[in-house]
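This is what each chain is made of:
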Amino acid sequence: MTDTSCAPILRGVSAALGPSLLSRTLSSRVLLVGSGGIGCELLKNLALSGFRDVEVIDLDTIDVSNLNRQFLFRSQHVGMAKCQVASEAALAMVPPLPGTEGTEAAYLPHHGNVCDNSKFNVPYVQKFDLVLNALDNVAARRRVNRLCLAAAVPLVEAGTAGYLGQVTVIDRPSGTECYECQSKPTQKVYPICTIRSTPSQPVHCIVWAKELYKLCFGPKVEDSMLFEDEESLRADRDAAAKEKEEANEGGEEGKTDNEMATDVSSAPNGEGGEGSTYMDAVGELRSLLGIGSTGSEDEAALRSKAQEALTALFATEIDKQIGMDRYKTAEKVPVPISSEDLVRCIDIDAIPPTAREGYNPTDVWSPGECAAEMAACFLEVAAHTIGPDPSQPLPEFDKDDDVAMRFVAAASNLRQCVFGIEPLQSLYDAKGIAGNIIPAIATTNAIVAGLQVLQAFHILKSKLGLEEAGKDANSEEGGLKLKDSCRYTYCLRDKTRKGYLLQPTQLPEPNPNCFVCRNATVSLSLNTQAWTLDMLLARVLKKELGFAEPTIMIGEDIVYEEGDDIDPGEYAANKSKTLAGLPAGGVGHGAVIKVEDFTQDLEVEVAVSHQDTWTIVEEEGGKKTEKEDDREEVEKFVIGGKKPVAAAASDVPQDTGEVAGAGAAGDAQPEEEDSDSDIEVVEEADATKNGGEDAKPPAQPANGGSNGSKLPPTKKRSLGDESGENAAKKAKTNGSDEVEVIELD
């Protein structure tokens, strides 16, 4: 192709790359996975650089919050598939080529999940010259990584986090490190006891508010960690009695049975099993809202019940906990909100801040405004569920739902007010914390996307050289040597000593212990007498190790198999059996099982060790003690040895509703293609193990003496107080509520 036959922009590309590489670019097939922040920039770059055959995979739809940086989208596109709109916009940018009327450029969108093996599998990926990743979560990245390794197709991986970014190239024939060679930062978890009783950071209060949202509006009230019923209270009482019995053996022999019973019954909620003061009020409020019932259209009744529920949550319950000496050793004693103030702020004349003229999402609401906003949310939900078009409220919290986010922001600020936690959060800041969002920087996305296309040119140049020499690009010897031409490039926020903001380094060597690209052995410790095959499949093989359709073999015998042509009932009987009770001799201590996944061309040996005793270490007063691990059996396991063990990232919230395995390594990834995650919570027994606030020895009493007397509080928090320690302050960005370094867009 001559320069004169090119469009002006392609003549520049030809001058920079050469006519041969431009021709190779025009004829190459590219797969782009993701069409969000980085994906939009990539599509623009690909179109203007001469790439004419591109397919795009994305399951997401366009949201209003995307419009400020994903520049291919406009307001009229909200609700439409990202890949569809982005592909059409990019196709319009492709420079025309004379004489190609019969071979027009094609940008083909696929609105779906890249983890769908029926559509996006190894044969599908093998059609492309290279793959570009523009994803926002670990699960999808891991999937694409394995597909490209199995298909021997180069993958250009990238990610951004605020001002930080990185681009690398993954290619099995070139002997480069794959995405899973290095462990990913695990998510920060917060103990339930901290969330429910002793919050010390704004993020703790936001987690609590999201659980309150589930309690008030969720279809299953029991999904909230604030929910209590007789069964859970009985379990708490039994646990408290057991602890007291152990303590009695260690030095409380002098106490009578009646004294021991009094200790148990007087323990605060979550320790001794006494019911909270808010459950009845919240249950009645749910009925009036029409959740699970016919509801009521009486606004006065709704306001009255909302006042009762909020008083129970922010006044009565706090009074009760203080009266039980829950906070006698706390550094800060919570101050209940005046019930009179709550009634006044929820009055019919109170105007919520979002309904006022000149409202801005970055405004920080006063405590009184927060109470009025919560009341307004209750009324809106009631209108939604019992109006002319009744429907169930959102099944789960969604940061992009207006009512849900306003409710959570208001409730979290009221809780911060009670516990004296500053600064209060604006709706905008609360949304960032609740959705675990690092503010995306459009410039970083653009830089990273540009670096990806440069790496794509390097890959095509290497392929072109091999093709001209008549060599196979996928052969181990004489194939692509991308280590010589491609680079792992970091985008930095601060300059290096030489003044650079981009730092290229050589592509790393594969981790010899990587079970994905080096088929290394994975060691696994668990109780083979208690774990069933179904538990192993769901918790370890699929969730932790990322197998899609595993086949499990003991020796030469298949004990489980998945696939399109496999009868689901063929191995159903084995799923309920313990590992030790499986056919072919079962799985015991020292056994090695083979796990294969033909959809990913992945084969791994798992070395199993039996362990039936599990303990956790607690530290109090500088003294460490071992305690029996009372979590569910499915959470008691250790993946170690050959699988890299991740170090905890700083304050990365996640909400999977699950407890991390005992020392379990691996990626704490979401199961759906959505990076907007919440907070993972752990049982109270794990508080000290995870280094939460409860791991610290408590400070000296701030209210009440050491005699254990239960005196009513003498101080109330006034919603009208706009000065002093309770004044609403502008929320500021701080490291405790953000991810420090994470490979997410």
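Cut-offs and rules
- Residues numbered from 1 in each chain as written.
- Predicted model: local features only at pLDDT ≥ 70, side-chain atom pairs only at ≥ 80, totals over all residues.
- Heavy atoms only, no water.
- Phe/Tyr/Trp six-rings, centres within 6.5 Å; stacked < 30°, edge-to-face > 60°.
- Helix = DSSP H or I, 4+ residues; strand = E, 2+ residues; numbered from the N terminus.
- Buried < 20%, exposed > 50% of the residue type's maximum accessible area, 1.4 Å probe, protein only.
- 1 Å grid on protein atoms, 1.4 Å probe; cavity = no way out; pocket = protein on both sides within 12 Å on 5 of 7 lines; lining within 4 Å.
- Points joined across faces, edges and corners; volume = space filled by probe spheres on them.
- Nonpolar A, V, L, I, M, F, W, Y, C, P; charged D, E, K, R; others polar.
- Expected span 1.5 Å × (residues − 1).
- Polar contact = N/O pair within 3.5 Å; in protein donor to acceptor, adjacent residues only side chain to side chain.
- Pairing = 2+ DSSP bridges.
- Axes fitted to C-alpha atoms, helices over the stretch in contact; angles between N-to-C directions.
- Contact = heavy atoms within 4.5 Å.
- Parallel < 35°, antiparallel > 145°, perpendicular 65-115°, else oblique.
- Salt bridge = Lys/Arg side-chain N within 4 Å of Asp/Glu carboxyl O.
- pLDDT = per-residue confidence, 0-100.
- Core = buried A, V, L, I, M, F, W, Y, C linked by side-chain atoms within 4.5 Å.

Here the focus is the packing of aromatic side chains. Per the counting criterion, the structure on display carries 13 aromatic pairs. Measuring from ring centre to ring centre gives 5.8 Å for F51 and F457, while their planes differ by 25°; the resulting arrangement is stacked. Of this pair, F51 sits in the loop between α3 (37-49) and β2 (53-58) while F457 is found in helix α17 (residues 442-469), placing the two residues 406 residues apart along the sequence. Each of the two residues, F51 as well as F457, counts as buried. Aromatic pair Y213 and F217: ring centres 5.3 Å apart, planes at 70°, arrangement edge-to-face. In this pair, Y213 and F217 are both assigned in helix α8 (residues 202-217), 4 residues apart and thus about one turn of the helix distant. You can call Y213 buried: its relative accessible area is 4%.

A few words on empty space enclosed by the protein. Tallying each qualifying case throughout the model produces 7 cavities of 30 Å³ or more. There is about 160 Å³ of room inside the largest cavity. Around the largest cavity, the lining is made up of 13 residues, and of these R196, W208, Y278, E317 and R415 lie nearest the centre. Those elements that place two or more of their residues in the lining of the largest cavity are α12 (299-323) and α15 (402-419). With 4 residues, the top contributor of residues to the lining of the largest cavity is α12. Split into classes, the residues belonging to the lining of the largest cavity amount to 7 nonpolar, 3 polar and 3 charged.

Next up on the list: helix α6 (residues 138-151). With 14 residues, α6 should reach 20 Å at 1.5 Å per residue; the first-to-last C-alpha distance of 20 Å fits that figure. For α6, the N-terminal capping position is held by N137, with its side-chain oxygen 3.1 Å away from the main-chain nitrogen of A139. Among the residues trailing α6, A152 stands out with phi positive, at a value near 55°.

Bringing unusual backbone geometry into the picture now. Following E422, the chain continues to P423 via a peptide bond in cis, the omega torsion being 0°. Here P423 is to be found in the loop between α15 and α16 (427-434). One non-glycine residue with positive phi stands out, namely D601, at about 50°. On the basis of relative accessibility, which here comes to 51%, the residue D601 falls in the exposed class.

Take the sheet that holds β2 next. The strands making up a sheet associate through backbone hydrogen bonding, with each pair oriented either parallel or antiparallel. Strand order in the open sheet formed by 8 strands is β3-β2-β1-β4-β5-β6-β8-β9, and the pairing between neighbours is mixed. The open sheet terminates on both sides in strands that have one partner only, identified here as β3 (106-111) and β9 (502-506). Within this sheet the neighbouring strands show an average axis-to-axis angle of 15°, counted without direction. In the packing of α3 onto the sheet, the strands contacted are β1 (29-33), β2, β3, β4 (130-133) and β5 (155-161), and the crossing angle to β1 comes to about 165°.

Bringing the sheet that holds strand β17 (residues 638-640) into the picture now. The mixed open sheet is built from 6 strands, whose spatial order is β12-β11-β13-β14-β10-β17. This sheet does not close on itself; its edge strands, each paired only once, are β12 (557-561) and β17. Averaged over all neighbouring strand pairs, the angle between strand axes comes to 25°, with direction disregarded. Across 6 bridges, the pairing between strand β13 (residues 592-597) and strand β14 (residues 602-610) is antiparallel. From the neighbouring strand, V595 faces β14, where its bridge partner is V604.

Take the packing of α8 against α16 next. Where α8 contacts α16, the axes come no closer than 10 Å and their chain directions differ by 80°. In terms of orientation, α8 and α16 fall into the roughly perpendicular class. On α16, the residues that touch V203, I206 and K210 of α8 are A430, I433 and A434. Class assignment of the residues belonging to the contact of α8 with α16 gives a composition of 5 nonpolar, no polar and 1 charged.

What follows deals with the pattern of salt bridges. Summed over the entire model, instances satisfying the criterion amount to 24 salt bridges. Taking the shortest distance from any N to any O, the salt bridge between K305 and E284 comes out at 2.5 Å. Taken together, the positions of K305 in helix α12 and E284 in helix α11 (residues 279-289) put the pair 21 residues apart, joining distant regions of the chain. K305 gets classed as buried once you look at its relative accessible area, which sits at 14%. By relative accessible area, which is 38% here, E284 ends up partly exposed. Ionic pairing is found between K399 and D400, a salt bridge with its closest N-O pair at 3.0 Å. Judged by its relative accessible area of 32%, D400 is partly exposed. Where salt bridges share partners, they join E373, E380, D402 and R406 into one cluster.

What follows covers the pairing of strand β11 (residues 551-554). What you see with β11 is no split at all: T551 and M553 on one side and I552 and I554 on the other are buried throughout. Pairing of β11 with β12, which is carried by 4 bridges, proceeds in the antiparallel orientation. Bridge pairing in β12 links T551 to E561. In this antiparallel pair of consecutive strands, β11 and β12, the connection spans 2 residues, and G555 shows a positive phi of 65°.

Moving on, we get to the side chain of T551. By the secondary structure assignment, T551 is in strand β11. If we ignore the near neighbours within four places in the chain, the residues touching T551 are I558, Y560, E561, E562, K594, V595, E596 and F598.

Our next topic: the confidence of the model for the protein. When pLDDT is averaged along the protein, the result is 77; 72% of the residues meet or exceed 70. Ranking the elements of the protein by mean pLDDT puts strand β18 (residues 680-682) last, at 38, and β1 first, at 97. Residue range residues 641-714 is modelled with pLDDT below 50. Its contacts to residues more than four positions away, or to other chains, number 209 contacts. Within the model, pLDDT remains below 50 along residues 721-745, and this stretch shows 75 contacts once partners closer than five positions in the same chain are excluded.

Turning to the nonpolar core, a few remarks are in order. Residues W208, L212, F314, M374, F378 and F407 are the most contacted members of the largest nonpolar core, which totals 64 residues. Secondary-structure elements contributing two or more residues to this core are α8, α11, α12, α13 (339-345), α14 (367-386), α15 and α16. Setting aside chain neighbours within four positions, we find M374 in contact with L212, L310, F314, F407, A410, A411 and L414. Residues I57, V114, I170 and Y571 belong to the second largest nonpolar core, which totals 58 residues.

The topology assignment puts Q600 in the loop between β13 and β14. Look past the residues within four positions of Q600 in its chain and what remains in contact with it is R143, R146, A150, G546, F547 and A548.

Further remarks concern the environment of S523. You can see S523 is positioned in strand β10 (residues 522-526). With relative accessibility at 28%, the residue S523 sits in the partly exposed group. Sequence separation of S523 and G640 is 117 residues, and the distance between their C-alpha atoms is 5.5 Å.

Moving on to α12. Its 25 residues give α12 an end-to-end C-alpha distance of 34 Å, which sits within 8% of 36 Å, the value for a rise of 1.5 Å per residue. Within two residues after α12, D325 carries a phi angle of roughly 65°, on the positive side.

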